[in-house]
Amino acid sequence: MLSGQRNVARVIASSSHCDLPGHDTSSQNPKNNMAGICSAGHCCCRANPYLAIMETPTPPLDELIACPHCDALYHVGTIKKGERAKCERCHAKLIAPRKAAGAHIIALALASVVLVVAALFLPFIGISRLGFSNQATILEIAWAFSGGPMLVLSLATLGLIVGLPLMRLLLTLYTLIPLVRDRPPWPGAARAFRLSEQLKPWSMAEIFVIGCAVSLVKLGDLARIELGPAFFMFAVLVVLLVIQDTFMDRWSVWKALEK
Ligand SMILES: [Zn+2]
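Each chain carries its own residue numbering, running from 1 in the direction its sequence is written. Per-residue local features are limited, in this predicted model, to residues with pLDDT of at least 70; the limit for side-chain atom pairs, both in listing and counting, is 80 or more; totals at the level of whole chains, interfaces and linings are taken over all residues.

In this section: the overall build of the chain. In terms of regular secondary structure, the chain is built from seven helices and 11 strands. Going through the 259 residues of the chain one by one, you find that 25% of them count as buried. Any two residues are considered in contact once their C-beta atoms, placed from the backbone, lie within 7 Å. Intrachain contacts of the chain at a sequence separation of at least 6 include 55% that bridge at least 24 residues. Comment: elements are numbered from the N terminus, with helices defined as DSSP H or I runs of at least four residues and strands as E runs of at least two. The exposure label follows from counting other C-beta atoms within 10 Å of a residue's C-beta, where the C-beta atoms are placed from the backbone and the thresholds are 20 or more for buried and 12 or fewer for exposed, leaving partly exposed in between.

Turning our eyes to something else, we now look at the confidence of the model for the chain. Per-residue confidence from the prediction method is given by pLDDT, with values spanning 0 to 100. Looking at the chain, pLDDT values average 79 and 78% of them are 70 or higher. The low-confidence segment residues 1-54 (pLDDT under 50) makes 115 contacts with residues lying over four places distant or belonging to another chain.

This part covers the packing of helix H5 (residues 205-219) against helix H6 (residues 229-247). As a packed pair, H5 and H6 sit with axes 9 Å apart at the nearest point and diverge in direction by 135°. Of the possible angle classes, the one that applies to H5 and H6 is oblique. Along this stretch, H5 crosses H6, giving a crossing that reads as left-handed. Side by side, H5 and H6 meet where Ala-205, Glu-206, Phe-208, Val-209 and Cys-212 of the first sit next to Phe-231, Phe-234, Ala-235, Leu-237, Val-238 and Leu-241 of the second. In the scheme used here, Gly and all other residues not listed as nonpolar or charged are polar, with Ala, Val, Leu, Ile, Met, Phe, Trp, Tyr, Cys and Pro taken as nonpolar and Asp, Glu, Lys and Arg as charged. Grouping the amino acids of the contact of H5 with H6 by side-chain chemistry returns 10 nonpolar, no polar and one charged. To define axes, lines are fitted to C-alpha atoms, for helices over the stretch in contact only, and angles between the resulting N-to-C directions are given on a 0 to 180 degree scale. Should an angle fall under 35 degrees it is taken as roughly parallel, and over 145 as roughly antiparallel, whereas 65 to 115 is taken as roughly perpendicular and any remaining angle as oblique. For a crossing to be left-handed, the near helix must be turned anticlockwise from the far one by less than a right angle; the clockwise case is right-handed.

This part takes up the sheet that holds strand S9 (residues 125-129). Backbone-to-backbone hydrogen bonds join strands into a sheet, with any given pair of strands oriented parallel or antiparallel. Any two strands with at least two DSSP-identified bridges between them are counted as paired. If you walk across this open sheet you meet the three strands as S10-S9-S11, and the pairing is antiparallel. Each having just a single partner strand, strand S10 (132-136) and strand S11 (224-227) make up the two edges of the open sheet. Averaged over all pairs of adjacent strands, the angle between strand axes in this sheet comes to 15°, irrespective of strand direction. Inspection of the sheet shows S9 paired to S11 by four bridges, in the antiparallel sense. Bridging from a neighbouring strand, Ser-128 pairs with Arg-224 of S11.

Here we take up unusual backbone geometry. For residues besides glycine, phi is generally negative; the peptide bonds are generally trans as well. In the Ramachandran plot, Ala-100 falls in the positive-phi region, its phi being about 55° despite a non-glycine side chain. Tracing the sequence through the fold places Ala-100 in the loop between strand S8 (93-95) and helix H1 (101-121). For Ala-100, a count of 11 C-beta atoms within 10 Å translates into the label exposed. With a phi close to 55°, Asp-182 is a non-glycine residue in the positive phi region.

Let us now look at the environment of Leu-199. Among the structural elements, Leu-199 can be located in helix H4 (residues 189-199). We classify Leu-199 as partly exposed; it has 15 C-beta atoms within 10 Å. Between the alpha carbons of Leu-199 and Pro-165 there is a distance of 8.6 Å; along the sequence they are 34 residues apart.

All right, on to the pairing of S10 then. Burial analysis of S10 places just zero of its five residues in the buried class, a small minority of the element. Direction of pairing for S9 relative to S10: antiparallel, over a ladder of five bridges. Residue pairing in the sheet places Ser-128 in a bridge with Ser-133 of S10. The turn joining S9 and S10, which pair antiparallel and follow one another in sequence, is formed by two residues; a positive phi near 55° is taken by Leu-130.

Right, let's talk about the pairing of strand S6 (residues 73-76) for a bit. In the sheet, strand S5 (residues 64-66) pairs with S6 via three bridges, with the strands oriented antiparallel. Across the sheet, Ile-65 pairs through a bridge with Tyr-74, a residue of S6. A loop of six residues connects S5 with S6, the two strands running antiparallel in sequence, and Asp-71 in this loop sits at a positive phi of about 70°.

Inspection of the secondary structure assignment puts Leu-164 in helix H3 (residues 150-180). Using a count of 19 C-beta atoms within 10 Å as the deciding quantity, one classes Leu-164 as partly exposed. The spacing of Leu-164 and Ala-205 is 41 residues in sequence and 8.9 Å in space, taken between C-alpha atoms. Aside from chain neighbours lying at most four places away, what touches Leu-164 is Gly-159, Leu-199, Trp-202 and Ser-203.

Here it is as structure tokens:
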């Protein structure tokens, strides 16, 4: 289940029913399909056969963590920096606090903000054919489709590849800057971090870069293509976002926000 240290987190044992003394299934929460609490104070499974009995009294909710991929429920113990807690079932990373991770994430987020803003105003692509050449920035490319129904598409594309990544970066900075300085969280920091996590699937800078690379290869047969500095800025941005995600330990951030 874990690498680095045992007993850091403990899976709630598998069973289809609670057979501990004093158990009363009527006290289980019918809305909770994962686990309920019996009258004996044990965490019991209601419908999911993979979740059932904890042999110890139910821990506080803030000591439980669910795997985001397979919903396995774990009781979290003490996890030191440098250790990792993984899901026993699907091996997904659950908790991985790192030393000075917050400062690293802030530095990466600031660098990413600079790259996104600069990439908007620098040439993204240049095309030349038969003596004619032209360069365009991302804003100019989006604005070129501003007439008619394509306006909605160009605004949606611009929002997904620039707006949402930039918004997520600013929300991350808003959440982490006071925590790294050992100050109380700024007002609404928990809501900002939650929104940042919810927007993650819609942030498509990576898909944009890959799509552009494929398209430019195909266009190479028709005209001479020159990649502008904005393209390479987006490529670096994708790498920075991936590194930032590896440093991000959401469990530690939520714990810090709850203090
Ligand atoms: Zn899992």
